[in-house]
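# Structural features, examined
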Amino acid sequence: EIPKRDWSSDVCSSDLALGLHVLSGTSDADLLAPAITDIAEAVVDRLAERTGQLLVKVHGRVPDGGMAVLALGKLGSREMNIGSDLDMIFVYDAPVDLDSDGAKPLQAGLYFGRWSQRLIAGLTVRTAEGSLYEVDMRLRPSGNKGPIASNLDGFVRYQMTEAWTWEHMALTRARPIAGPKTLMDTAAAAVRKILTSPRDPRKLLADVADMRQRMAKEHPETSPWKVKHRPGGMVDIEFIAQYLQLLHAPRTPDVLAANTTDADRKSTRLN
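If you're wondering where the values come from, they're calculated on a predicted model, not measured in any experiment.

What counts, and at which threshold
Residues numbered from 1 in each chain as written. Predicted model: local features only at pLDDT ≥ 70, side-chain atom pairs only at ≥ 80, totals over all residues. Heavy atoms only, no water. Helix = DSSP H or I, 4+ residues; strand = E, 2+ residues; numbered from the N terminus. Buried < 20%, exposed > 50% of the residue type's maximum accessible area, 1.4 Å probe, protein only. Contact = heavy atoms within 4.5 Å. Areas by Shrake-Rupley, 256 points an atom, 1.4 Å probe, with all protein chains shown as cover. 1 Å grid on protein atoms, 1.4 Å probe; cavity = no way out; pocket = protein on both sides within 12 Å on 5 of 7 lines; lining within 4 Å. Points joined across faces, edges and corners; volume = space filled by probe spheres on them. Nonpolar A, V, L, I, M, F, W, Y, C, P; charged D, E, K, R; others polar. Core = buried A, V, L, I, M, F, W, Y, C linked by side-chain atoms within 4.5 Å. Salt bridge = Lys/Arg side-chain N within 4 Å of Asp/Glu carboxyl O.

## Notes on the overall build of the protein
Helix and strand counts for the protein come out as 10 helices and 5 strands. Going through the 271 residues of the protein one by one, you find that 47% of them count as buried. Restricting the contact set of the protein to residue pairs at least 6 apart, pairs at least 24 apart contribute 69%. Accessible surface, the protein as shown: approximately 14,500 Å² in total, 55% of it carbon and sulfur.

This is how it looks when you write it as structure tokens:
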């Protein structure tokens, strides 16, 4: 039931055109990142709509229920490059045990989980032109052990009571990109509530430092040309931006920004 249209050729052609701008020197990767992200967002939005329609044909709709896609990582911060994968979380706004109204009803948890799986399949299926994107769902509540789609109330409860600091760091990049507008707005407000909740500054600093040390051990870098994980590289910049947002957001919510450059600018004004 994956949509039969081969999106891969269209997307690859668009990304190739953007890549040629970089190679020819008419633009650079930083300026093209929003355009590359726009392409990914459009694909996710259209495939979410199409896979949802296919689900409705068999299982009907969950009464007053909907699903939104939260973008994280480079997708959320609008900093994608041509090789970026898609970090996403799926949230829905119906009781887990509420049944859909179709000929073959499903409980909401299973319904939206199946919808999420079909959307991921549509994004990752390999065609003659290759696959569209790699999808990373490890940032969802409880990681790979958690349900593929989360009830929004349960998602907020997990983030407020169980989530690790690094999960909140990742959440600073969260941004709704698909779904009913009302649900997208509600999800965005929920993320803002989580990020502006009071936290212990000392524990925050210790947790961020510990996470950075762990990452340094996992990604030792010796090449002078690969600066992402080296001291002072992109990972350090991102960690600093996320740390400062979590530190200041409870008192100054406007410091929040999904984009790293925007976050750095806002945080600089406070220090």
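After presenting the structure, the write-up continues.
## Observations regarding the layout of surface pockets
In this model, the largest pocket occupies a volume close to 1,400 Å³. Elements with a contribution of two residues or more to the lining of the largest pocket: helix H3 (73-77), helix H5 (152-161), helix H6 (165-171), helix H8 (201-218) and helix H9 (234-248). Looking at which element gives the most residues to the lining of the largest pocket, the answer is H8, with 7 residues. Residues of the lining of the largest pocket, tallied by class, amount to 15 nonpolar, 13 polar and 15 charged.

## Description of the nonpolar core
Among the nonpolar cores identified, the biggest contains 34 residues, and Leu86, Met88, Phe90, Phe112, Leu123 and Tyr133 are the most heavily contacted of them. Within the residue set of this core, elements represented by two or more residues are helix H2 (29-59), strand S1 (67-72), strand S2 (86-92), helix H4 (108-124) and strand S5 (175-178). In terms of residue count, the dominant contributor to this core is H2 (8 residues). For Phe90, the contacting residues outside a window of four places in its chain are Met67, Ala68, Val69, Ser116, Leu119, Ile120, Met137, Ile148, Ala149 and Ser150. Judged by nonpolar contacts, the second largest core, of 30 residues, contains Ile89, Val156, Ala174 and Leu183.

## Some points on the pattern of salt bridges
Two side chains that carry opposite charge are able to pair once their charged atoms sit near each other. What the rule picks out here adds up to 13 salt bridges. One salt bridge connects Asp254 with Arg192, and the closest N-O pair in it is separated by 3.4 Å. Here Arg192 lies in helix H7 (residues 181-195) and Asp254 lies in the loop between H9 and helix H10 (260-270), a separation of 62 residues in the sequence. A relative accessible area of 37% means that Arg192 is categorised as partly exposed. Arg212 serves as the salt-bridge partner of Asp236, at 2.5 Å between the closest nitrogen and oxygen. Remark: Arg212 occurs in helix H8 and Asp236 occurs in helix H9; sequence separation between them is 24 residues. If you follow the salt bridges from partner to partner, you end up with Asp38, Glu41, Arg78 and Arg175 in one network.

## Structural notes on empty space enclosed by the protein
Evaluation of the coordinates by the stated rule reveals 1 cavity of 30 Å³ or more. Of the volumes computed, that of the largest cavity is approximately 30 Å³. What lines the largest cavity is Leu72, Ile89, Leu139, Gln159, Glu167, Ala170 and Leu171. Top element by residues in the lining of the largest cavity is H6. It accounts for 3 residues. Of the residues assigned to the lining of the largest cavity, the class counts are 5 nonpolar, 1 polar and 1 charged.

Remember that the coordinates give geometry; whether it matters functionally is a separate question.
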